[in-house]
Amino acid sequence: MRTSPPFRADHVGSLLRPQELLRARQTLTGDELRAAEDAAIRDVVRKQREVGLQSATDGEFRRSSWHMDFIYRLGGIGQAGDEKITVRFHNERGDIEFTPAALRVHDRITLNEPIFADAFTFLRDTVGEGVTPKLTIPSPSMVHYRGGPAAIDPDVYPDVEEFWHDLSAAYAEQVRKIGELGCRYLQFDDTSLAYLNDPAQRAELAQRGDDADHMHLRYIKQINAALAAKPDGMTVTTHMCRGNFRSSWAASGSYDFVAEALFNELNVDGFFLEYDDERSGGFEPLRFVPKGKMVVLGLVTTKHGELESKDTLKRRIDEAAKYVDLDQLCLSPQCGFSSTVEGNELTEEQQFAKLRLIVETAQEVWG
């Protein structure tokens with residue numbers, strides 16, 4: 001078993017909010033809500049330890065959304081009045097829409113204080129010996145992908161290169177400061193690098209004025225700038241999925257379009273990749289993964305509660321090992337269980353059964 005992240009059995013980050021916490025969010029504020037969150041996080045950290053995970057998150061229990069809660073705390077970024085972003089998600093029953101407030105870059109982007117610092121220190125002090133606290137934040141790409149050029153005030157950034165510089169500088173400061181608090185396992189969640197594999201998504205970006213065929217190269221460049229001075233001893237991974245909202249998805253397409261540049265040029269230590277169904281394509285793009293980089297195979301779906309079989313998981317791990325060395329592989333769910341506060345359509349019992357399955361399968365594969 002690995003003693004440093006990503007671990008052979010790992011998970012993406014978000015977990016289903018307990019019903020008592022959902023009720024508390026509706027009725028409590030201030031210190032009372034904080035106390036309810038603290039109690040729920042202590043409990044879910046204990047459960048992660050009990051199923052055998054070597055890393056633990058706070059389940060993102062203090063957030064409403066995996067990314068917007070972070071992005072709106074960057075200096076210079078706010079909500080665009082009553083304007084909404086519409087993201088269309090799909091499931092076997094039809095389509096649903098996610099409509100968060102649109103963002104607006106109204107001033108120079110800065111980091112006023114380390115974001116999620118209190119959340120991380122509480123997690124750090126809660127996990128206990130032998131479990132690594134993991135912090136998840138949206139990647140810099142998500143600031144741009146959600147709004148595009150229209151979200152950037154041209155009076156603030158007449159030269160878009162200044163926008164990119166300030167964005168990566170703010171992230172670099174976030175990485176440095178969270179490292180000072182003892183964070184040794186940081187994850188950049190980035191749906192954009194998976195969405196760009198979908199021709200329909202690229203067409204939408206081109207329509208709004210982006211260079212869709214080369215957008216992934218820009219995103220890789222800016223993430224690398226954000227990580228250029230990351231602290232010694234910090235492992236950084238990225239998670240890429242094709243959308244996760246109430247058991248629904250937004251994009252399809254194998255990793256082929258971004259794979260060569262992504263795996264060879266993105267300066268992270270590991271890649272959490274969605275591979276739970278045919279929407280993700282085959283394992284062939286993994287042939288571009290260089291030695292020294294880890295791939296965490298997201299073979300266990302978080303979209304429903306039905307439990308996968310160990311034999312099927314082992315067979316798929318063997319298939320992936322045809323393209324990248326088995327020693328570079330790990331196992332996880334394909335995404336979080338609750339990317340937004342609403343969560344996916346399964347129970348907490350089913351959620352932890354899936355995490356236990358991942359731990360047991362990893363032990364049987366890697367020892």
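It should be emphasised that the depicted structure is a prediction, and the values quoted were computed from it without experimental measurement. (Residues numbered from 1 in each chain as written. Predicted model: local features only at pLDDT ≥ 70, side-chain atom pairs only at ≥ 80, totals over all residues. Heavy atoms only, no water.)

A count of helices and strands for the chain gives 12 helices and 12 strands. Its C-alpha radius of gyration of 19 Å places the chain within 12% of the 21 Å reference for a compact globule of 367 residues. Each principal axis of the C-alpha distribution contributes one length, and for the chain these read about 60 × 50 × 45 Å. Going through the 367 residues of the chain one by one, you find that 59% of them count as buried. For the chain, the accessible area works out to roughly 14700 Å², and carbon and sulfur atoms hold 46% of it. Side-chain charges of the chain comprise 43 positive and 59 negative groups, with the mean position of each set lying 3 Å from the other. (Helix = DSSP H or I, 4+ residues; strand = E, 2+ residues; numbered from the N terminus. Rg over C-alpha atoms; globule rule 2.2 N^0.38 Å. Buried < 20%, exposed > 50% of the residue type's maximum accessible area, 1.4 Å probe, protein only. Areas by Shrake-Rupley, 256 points an atom, 1.4 Å probe, with all protein chains shown as cover. Lys, Arg positive; Asp, Glu negative; His and termini not counted. Charge placed at Lys NZ, Arg CZ, Asp CG, Glu CD.)

A separate point is the packing of helix 11 (residues 310-320) against helix 12 (residues 348-366). As a packed pair, helix 11 and helix 12 sit with axes 10 Å apart at the nearest point and diverge in direction by 55 degrees. Between helix 11 and helix 12, the angle is such that the two are oblique. Seen from above, helix 11 lies across helix 12 with right-handed handedness. Seen from helix 11, the contacting residues are Lys310, Leu313, Lys314 and Ile317; seen from helix 12, they are Leu357, Glu360, Thr361, Glu364, Val365 and Trp366. Grouping the constituent residues of the contact of helix 11 with helix 12 by class yields five nonpolar, one polar and four charged. (Axes fitted to C-alpha atoms, helices over the stretch in contact; angles between N-to-C directions. Parallel < 35°, antiparallel > 145°, perpendicular 65-115°, else oblique. Left-handed = near helix turned anticlockwise from the far one by under 90°. Contact = heavy atoms within 4.5 Å. Nonpolar A, V, L, I, M, F, W, Y, C, P; charged D, E, K, R; others polar.)

On to the packing of aromatic side chains, then. For the coordinates displayed, the defined rule picks out 15 aromatic pairs. With a centroid separation of 4.9 Å and 45 degrees between ring planes, the pair formed by Phe98 and Phe245 is classed as tilted. Of the two residues, Phe98 is situated in strand 4 (residues 94-98) and Phe245 in the loop between strand 9 (235-240) and helix 10 (256-265); the sequence distance between them amounts to 147 residues. Assigned by exposure class, Phe98 and Phe245 land together as buried. The interplanar angle of 75 degrees and the centroid separation of 5.8 Å between the aromatic rings of Tyr157 and Phe163 together place this pair among those described as edge-to-face. On the basis of relative accessible area, Tyr157 is assigned to the buried category, the value being 4%. Feature note: the residues Tyr145, Tyr157, Phe163, Trp164, Tyr195 and Tyr219 constitute an aromatic cluster, connected by ring pairs. Arg202 extends its terminal NZ or CZ atom over the ring of Phe257, reaching a point 3.9 Å from the ring centre. (Phe/Tyr/Trp six-rings, centres within 6.5 Å; stacked < 30°, edge-to-face > 60°. Lys NZ or Arg CZ within 6 Å of the ring centre and 35° of its normal.)

Our next topic: the nonpolar core. Leu286 and Leu297 are the most contacted members of the largest nonpolar core, which has 107 residues in total. When neighbours within four sequence positions are excluded, Leu286 is seen to be in contact with Phe263, Leu273, Tyr275, Val295, Leu297, Ala320, Tyr323 and Val324. With seven residues, the next largest nonpolar core counts Val12, Tyr185, Val296 and Cys330 among its residues. (Core = buried A, V, L, I, M, F, W, Y, C linked by side-chain atoms within 4.5 Å.)

Turning next to the environment of Val268. Checked against the element boundaries, Val268 lands in the loop between helix 10 and strand 10 (270-274). Looking at Val268, the relative accessible area reads 1%, which means it is buried. Each C-alpha atom, one on Val268 and one on Lys293, is 7.8 Å from the other, the two residues being 25 residues apart in sequence. Among all residues touching Val268, those that are not within four sequence positions of it are Leu227, Val236, Thr237, Thr238 and Lys293.

For the rest of this paragraph, the subject is the pattern of salt bridges. Scanning the entire structure with this criterion turns up 31 salt bridges. Here Glu92 and Arg93 are joined by a salt bridge, their closest N and O atoms 3.5 Å apart. Residue Glu92 shares its accessibility class with Arg93, and that shared class is exposed. When salt bridges with common partners are traced through the structure, they connect Asp43, Arg46, Lys47, Glu50 and Glu348 into a single cluster. (Salt bridge = Lys/Arg side-chain N within 4 Å of Asp/Glu carboxyl O.)

Attention shifts here to the pairing of strand 10. Of all five residues in strand 10, five are buried; the element is thus mostly enclosed. On strand 10, burial covers both faces: Gly270, Phe272 and Glu274 on one face and Phe271 and Leu273 on the other are all buried. Where strand 9 lies against strand 10, four bridges are found, and the strand directions are parallel. In the strand pairing of strand 10, Met240 is matched with Leu273. (Pairing = 2+ DSSP bridges.)

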